[in-house]
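Residues per chain are reported as follows:
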Amino acid sequence: MTSITTSAGAVSAPGARDLAIEAVEVTKRYGDFTAVDGISFAVTRGEAFGLLGPNGAGKSTTMRMIAAVSARTSGQMRVAGLDPETEGPRVRARLGVIPQQDNLDEELTVRENIIMYGRYFGLPRRFLLAKADELLEFAQLTHKASARVEDLSGGMKRRLTIARALVNEPEILLLDEPTTGLDPQARHVLWDRLFRLKESGTTLVLTTHHMDEAEQLCDRLVVVDHGTIMAEGSPAGLIREHSTREVLEVRFGMDRNAQLGAELEEVLGRAGDTATGYSHIEVLPDRLLVYAAHAEAALGAIHASGHRPMTSLVRRSSLEDVFLRLTGRTLVD
Ligand SMILES: Nc1ncnc2c1ncn2[C@@H]1O[C@H](COP(=O)(O)OP(=O)(O)OP(=O)(O)O)[C@@H](O)[C@H]1O
């Protein structure tokens with residue numbers, strides 16, 4: 001992690017470090033309710049950084065503070081070396097923002113959407129005509145240039161929203177839930193475009209409650225819950241730190257899971273760490289998750305004890321397991 005080394009809770013001196021974004025003890029309150037509770041993180045230029053957490057965790061609120069459209073209650077923040085609170089217009093000129101809901105102009109064509117958006121930044125028409133062609137190609141929408149927005153698929157609309165946000169050649173792209181609501185194929189096309197942007201040096205900051213999206217896209221991420229950061233690291237590092245290599249999912253039927261969980265803990269505890277690499281069990285309403293480095297061996301021990309699950313599945317640990325370990329809850333309820 002790029003930790004914040006300043007001891008007095010202050011952001012780094014301008015230019016001191018190669019940071020795209022730095023947040024130090026940032027809090028946002030709405031009346032008595034604290035939506036973001038003293039979070040600190042730093043995003044290095046050129047990396048893909050994620051805020052992973054369930055609905056209501058405070059991700060969008062954090063993004064709005066970065067994007068200089070919502071004031072923080074306390075704490076400090078630098079975006080591209082600038083304070084969004086006092087230098088909002090300059091910050092916004094350096095950012096591309098992709099909101100949770102597409103807000104394209106349905107009346108305009110695909111091409112006109114890009115050009116009109118560029119006009120808001122005061123960009124000259126000649127520049128925008130060439131830029132629109134370049135961005136349409138990037139978004140794989142050249143063949144739809146003259147189509148109306150309402151005729152686009154969900155994935156195409158999302159790609160157009162991203163293309164539009166790139167019109168001012170931003171150095172940082174903020175993406176709030178970039179692929180929520182898209183089908184798997186459309187998500188993969190979009191992820192591919194985002195990889196390309198990252199390769200070209202754009203800093204990506206995204207929020208998601210999809211662990212596969214975080215694993216695919218993020219170099220580093222923070223796990224957020226109830227406005228606080230629960231953990232920070234690379235997807236692989238977080239899994240290594242907070243979970244076992246493998247997980248065994250077993251289903252017995254809904255009603256006896258808690259009791260069965262206790263029985264299997266006993267069995268696997270007896271089986272010993274070396275054969276199974278057993279760590280712990282999580283009891284969910286519909287299944288038990290057995291955390292063990294060697295999940296097949298754990299299943300063997302369960303069978304040997306006379307327990308007969310209706311179904312069993314061995315898989316690798318994911319960020320979903322990390323979230324469950326840290327919070328006792330699943331990411332998507
Ligand atoms: N303007 C507001 N006034 C009062 N409460 C708000 C406001 N905006 C957000 N909240 C609350 O702050 C909390 C965090 O919301 P936020 O939208 O940041 O969460 P999130 O992690 O982005 O989740 P989601 O993906 O559902 O947007 C939620 O409980 C939400 O109801």
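For clarity, every value in this text was computed on a predicted model and none was experimentally measured. (Residues numbered from 1 in each chain as written. Predicted model: local features only at pLDDT ≥ 70, side-chain atom pairs only at ≥ 80, totals over all residues.)

## Focus on the overall build of the chain
- In terms of helices and strands, the chain carries twelve helices and 13 strands.
- Along the three orthogonal principal directions, the C-alpha set of the chain runs to about 75 × 50 × 35 Å.
- Within the chain, buried positions represent 41% of all 333 residues.
- In the chain, 69% of the contacts between residues at least 6 apart in sequence involve partners at least 24 apart. (Helix = DSSP H or I, 4+ residues; strand = E, 2+ residues; numbered from the N terminus. Buried ≥ 20, exposed ≤ 12 C-beta atoms within 10 Å, placed from the backbone. Contact = placed C-beta atoms within 7 Å.)

## Considerations on the UniProt feature "domain: ABC transporter" (unreviewed entry) in the chain
- Summarizing the sequence annotation, UniProt attributes the feature "domain: ABC transporter" (unreviewed entry) to residues 21–251 in the numbering used throughout.
- Taken as a whole, residues 21–251 contains 36% helix and 29% strand, while its terminal C-alpha atoms sit 44 Å from one another. (UniProt positions renumbered as here; feature names shortened; annotations may be inferred.)

## Observations concerning unusual backbone geometry
- Not every positive phi belongs to a glycine, and glutamate 25 is a case in point at roughly 50 degrees.
- Along the polypeptide, glutamate 25 turns up in strand S1 (residues 19–30).
- Look at glutamate 25 and you get partly exposed, because 16 C-beta atoms sit within 10 Å.
- Phi angles above zero are rare outside glycine, and glutamine 140 is one such case at about 55 degrees.
- Tracing the backbone shows glutamine 140 in the loop between helix H4 (125–138) and helix H5 (154–165).
- Given 15 C-beta atoms within a 10 Å radius, glutamine 140 is considered partly exposed.

## Regarding the site of the ligand
- Not every one of the 13 residues close to the ligand is listed here, only the nearest: Tyr30, Ala35, Asn55, Ser60 and Thr61.
- When residues of the shell around the ligand are assigned to their parent elements, the largest contribution, three residues, is made by helix H1 (residues 59–66).
- Class assignment of the residues belonging to the shell around the ligand gives a composition of four nonpolar, seven polar and two charged. (Near = placed C-beta within 6 Å. Nonpolar A, V, L, I, M, F, W, Y, C, P; charged D, E, K, R; others polar.)

## Considerations on the sheet that holds S1
- If you trace the three strands from one edge of the open sheet to the other, you get S2-S1-S4, paired in antiparallel fashion. In this open sheet, the two edge strands, each paired with only one partner strand, are strand S2 (33–44) and strand S4 (74–79). The mean angle between the axes of side-by-side strands here comes to 15 degrees, regardless of whether they run parallel or antiparallel.
- Taken together, the five bridges between S1 and S4 define a ladder with antiparallel strand orientation. (Pairing = 2+ DSSP bridges. Axes fitted to C-alpha atoms, helices over the stretch in contact; angles between N-to-C directions.)

## A short note on the pairing of strand S8 (residues 220–225)
- Within S8, five of the six residues are buried, which leaves it mostly tucked inside the rest of the structure.
- The sheet contact formed by strand S3 (residues 48–52) and S8 spans four bridges and is parallel. Bridge pairing in S8 places glycine 50 opposite leucine 221.
- Across five bridges, S8 lies against strand S9 (residues 228–233) in antiparallel orientation. Within S9, the position partnered with leucine 221 by the bridge is glycine 233.
- Counting the residues in the hairpin turn of S8 and S9 gives two residues, including histidine 226, whose phi is positive at 50 degrees.

## With respect to H1
- For H1, the tally of buried residues reaches six of eight residues, placing the bulk of the element in the interior.
- Residues of H1 that are buried include every one of Lys59, Thr62, Met63, Arg64, Met65 and Ile66, and no others.
- Alanine 68 occupies a position one or two residues after H1 and carries a positive phi of about 65 degrees.

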